[in-house]
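# Residue-level structural notes
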Amino acid sequence: MLSNLKIDVDQIRTFVCAAEHGSISRAAEAMGVSPSTVNSRIRALGKELDANLMERSGKGVALTPKGELLLGYLMRALDLLEEGAAEVKRLKSREQPALIAADAETGAWFLPQVMTLYREKYPEVRTNVLLSDSSIIIDWVMNGKVDIGLVRGPVAHKGVKAAKICSSPVIPVFSPRHPLADKEVLTARDLAAHRLIAPGQPADEWERIRQWFARQKTAFPQAVTADHPETVKQFVYRDIGYTFSPLLAVQEDVKSGRLRTAALRPALPIHREAYMVSHRSLPMREVAAQFRDYLLQAAFAS
């Protein structure tokens, strides 16, 4: 019976290798073992099956009829073994979380929307999210600490692959109690008369907002600064002032009525962009590749 056979994988691999090379010495060299080890494994396999599987032929070896019959079965067995091992490794890989890093702003306005939709579609997939500065995130991607980085664009680092995955218009946002909340169209002069909530470390986007006011020959509003995007949003909720935000970050609040927005005249031609960065050459684990493909295929523009 099969359960009583004492055949190990080394014997199978050695027999197949010797059959493919037609030589004991070349099989030994290919497997990194001695010729005597190759001989002993093939003899042990033949003894277990009570059959002469291979015989000398000139300077090499040749299969006997029984050896030729066995070879096909053993090659299929090795293929199945390797296929099974690959599936086990793939399953183990899927059990490990995808490691995602995001900068503070992208983590506040874009990542929550992404993770909500992604987990609805793939509830069984685990993800771990880290927050840091964009430069640190790119270093993490480069040294393999994280699979994917989500950062504010554009991205100029040549060591990573960068793909724009979202572009969301920047809009003014108010609490429903704000004096401007019921207006459908606003001008720079309307906004300048009220307190603005701005980030503590203004980026290029805010410089462009300042230029928009300047083009309308209007002074930039009095501003209260806050260091974190979530703090900015909380100030707006409490009607301490208004802010400018990517639509994607506040669209649920706008739909529910918790926040209000308005069109600007002239329009504010600014979009917040999110980029996905990954290593150019390191292989990506399947669970992370699935998240990457989802980001590339999903439509996040708002």
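As a reminder, the structure under discussion sits directly above these lines.
As a starting point, this report considers the structure included with it. Counting starts from 1 at the beginning of each chain's written sequence and moves along it residue by residue. Whole-chain, interface and lining totals are the exception, using all residues; otherwise, since this is a predicted model, local features are given only for residues with pLDDT of at least 70 and side-chain atom pairs are given and counted only at 80 or more. As a convention, hydrogens and water are excluded, and side-chain values are obtained from all of the structure's heavy atoms.

Turning our eyes to something else, we now look at the overall build of the chain. Of the regular secondary structure elements, the chain holds twelve helices and 13 strands. At 32 Å, the chain has a C-alpha radius of gyration far larger than the 19 Å of a compact globule built from 302 residues. Overall size of the chain, expressed as C-alpha extent along the three principal axes, is 100 × 40 × 25 Å. Taking all 302 residues of the chain together, the buried fraction comes to 41%. Here the Shrake-Rupley method, with its probe set to 1.4 Å, supplies the accessible areas, and only the displayed protein chains count as covering residues. Carbon and sulfur atoms form 52% of the exposed surface of the chain, whose accessible area is close to 16900 Å². Positive residues here are Lys and Arg, negative ones are Asp and Glu, while His and the chain termini are left out of the count. Every charge is mapped to an atom, namely NZ of Lys, CZ of Arg, CG of Asp or CD of Glu. Across the chain, the centroid of the 40 positively charged side chains sits 3 Å from that of the 34 negatively charged ones. Going along the chain from the N terminus, every DSSP run of H or I of four or more residues is numbered as a helix, and every run of E of two or more is numbered as a strand. Restricting the calculation to C-alpha atoms gives the radius of gyration, and the globule rule supplies 2.2 Å times the number of residues raised to the power 0.38. Think of it in three bands: residues with accessible area under 20% of the maximum for their type are buried, residues over 50% are exposed, and the middle band is partly exposed, with areas taken using a 1.4 Å probe on protein chains only.

Time to look at the nonpolar core. By nonpolar core we mean a set of buried residues, namely Ala, Val, Leu, Ile, Met, Phe, Trp, Tyr and Cys, connected to one another through side-chain atoms within 4.5 Å. Residues Trp109, Phe110, Tyr118, Leu150, Ile165, Phe291 and Leu295 are the most contacted members of the largest nonpolar core, which totals 33 residues. Listing elements by their share of this core, those giving two or more residues are strand 3 (98–102), helix 6 (111–121), strand 5 (148–152), strand 6 (160–174), helix 10 (229–237), helix 11 (247–256), strand 13 (271–279) and helix 12 (286–297). Residue contacts follow a heavy-atom distance rule, with two residues in contact if any of their heavy atoms lie within 4.5 Å. Excluding residues that lie within four positions of it along the chain, Tyr118 makes contacts with Val125, Thr127, Val287, Gln290, Phe291 and Tyr294.

Next up on the list: the packing of helix 1 (residues 9–21) against helix 2 (residues 24–31). It is at 8 Å that the axes of helix 1 and helix 2 come closest, and there the two elements cross at 125 degrees. When the interaxial angle is binned, helix 1 and helix 2 end up oblique. Note that helix 1 runs across helix 2; the crossing there is right-handed. Contacts between helix 1 and helix 2 involve Arg13, Thr14, Cys17, Ala18 and His21 from the former and Arg26, Ala27, Ala30 and Met31 from the latter. Axis definition: a line fitted to C-alpha atoms, limited for helices to the stretch in contact. Angles are taken between N-to-C directions and run from 0 to 180 degrees. Each angle is binned into one of four classes, with values under 35 degrees roughly parallel, values over 145 roughly antiparallel, values of 65 to 115 roughly perpendicular, and all other values oblique. Note on convention: near helix rotated counterclockwise from far helix by under a right angle means a left-handed crossing. Clockwise means right-handed.

What counts as a salt bridge is simple: a side-chain nitrogen of Lys or Arg found within 4 Å of a carboxyl oxygen of Asp or Glu. Evaluation of the coordinates by the stated rule reveals eight salt bridges. For Glu82, the salt bridge goes to Arg13, with nearest N and O atoms at 3.5 Å. One end of the pair, Glu82, is in helix 4 (residues 65–95); the other, Arg13, is in helix 1, with 69 residues separating them in the sequence. Taking the relative accessible area as the measure of exposure, Glu82 reaches 44% and is therefore partly exposed.

Once that is clear, we can look at the pairing of strand 2 (residues 60–63). Pairing between strands is defined by DSSP: at least two bridges between them are needed. Looking at chain direction, strand 1 (residues 54–57) and strand 2 are connected through four bridges and run antiparallel. Its bridge partner being in strand 2, Ser57 is matched across the sheet by Gly60. The hairpin formed by strand 1 and strand 2 contains two residues between the paired strands, and Gly58 there has a positive phi angle of roughly 65 degrees.

Before going further, it helps to spend a moment on the layout of surface pockets. Using protein atoms alone on a 1 Å grid, points that fit a 1.4 Å probe yet trap it form a cavity, whereas open point sets bounded by protein on both sides within 12 Å along at least five of seven lines form a pocket; residues with an atom within 4 Å of a point count as lining. Grid points are joined across faces, edges and corners, and a volume is the space filled by probe spheres set on the points. The computed volume of the largest pocket comes to approximately 680 Å³. Lining of the largest pocket is provided by 32 residues; of these, Ala104, Glu105, Pro199, His228 and Pro229 occupy positions nearest its centre. Mapped onto the lining of the largest pocket, the elements with two or more residues apiece are helix 5 (104–109), helix 10, strand 10 (243–246) and helix 11. For this classification, Asp, Glu, Lys and Arg are treated as charged, while Ala, Val, Leu, Ile, Met, Phe, Trp, Tyr, Cys and Pro are nonpolar and the rest, including Gly, are polar. Looking at the lining of the largest pocket residue by residue, the class counts come to 17 nonpolar, seven polar and eight charged.

Turning our attention to the packing of helix 6 against helix 12. Packing of helix 6 against helix 12 brings their axes to within 11 Å, and their N-to-C directions diverge by 115 degrees. Helix 12 is crossed by helix 6, and the crossing has right-handed handedness. Across the interface between the two elements, Val114, Met115, Leu117, Tyr118 and Lys121 from helix 6 touch Val287, Gln290, Phe291, Tyr294 and Leu295 from helix 12. Looking at the contact of helix 6 with helix 12, its residues break down into eight nonpolar, one polar and one charged.

Here Glu68 lies in helix 4. The sequence separation of Glu68 and Ser167 amounts to 99 residues, and the corresponding C-alpha distance is 63 Å.

Every α-helix carries 3.6 residues per turn, so stepping three or four residues along brings you back to the same face. A helix is expected to reach a length of 1.5 Å times the quantity of its residues less one. End to end, helix 9 (residues 204–215) covers 16 Å across twelve residues, agreeing with the expected 16 Å (1.5 Å per residue, within 8%). Inspection of helix 9 places Glu205, Trp206, Ile209, Trp212 and Phe213 among the buried residues, and these make up the whole buried set. Within helix 9, the buried residues cover an arc of 105 degrees as seen down the axis, which keeps them to one side. Within helix 9, the exposed residues directed more than 90 degrees away from the buried face are Asp204 and Arg215. Of all possible arcs, the one meant is that of the directions from the helix axis to the C-beta atoms.

So, on to the environment of Pro283. As for its placement among the helices and strands, Pro283 is situated in the loop between strand 13 and helix 12. Counting along the chain gives 14 residues from Pro283 to Gln297, while the straight-line C-alpha distance between them is 20 Å.

Moving on to the packing of aromatic side chains. Only rings of Phe, Tyr and Trp enter the pairing, Trp through its six-membered ring, and a pair is recorded when the two centres are within 6.5 Å. The plane angle decides the type: under 30 degrees is stacked, over 60 is edge-to-face, the rest tilted. Inspection of every chain in the model, using the stated rule, returns ten aromatic pairs. Taking the centre distance of 5.1 Å and the plane angle of 50 degrees together, the rings of Tyr118 and Tyr122 count as tilted. For Tyr118, a relative accessible area of 0% corresponds to the buried category. Ring geometry for Phe213 versus Phe244: centroids 6.5 Å apart, planes at 85 degrees, classification edge-to-face. Of the two residues, Phe213 is situated in helix 9 and Phe244 in strand 10; the sequence distance between them amounts to 31 residues. Pairwise contacts between aromatic rings join Phe174, Trp206, Trp212, Phe213, Phe220, Tyr242 and Phe244 into one cluster. Sitting over a ring, as applied to charges here, requires NZ of Lys or CZ of Arg to be within 6 Å of the ring centre and within 35 degrees of the ring normal. Residue placement shows Arg76 over the ring face of Tyr73; its charged tip is 4.8 Å from the ring centre. The ring of Tyr237 carries the charged tip of Arg258 above its face, separated from the ring centre by 3.6 Å.

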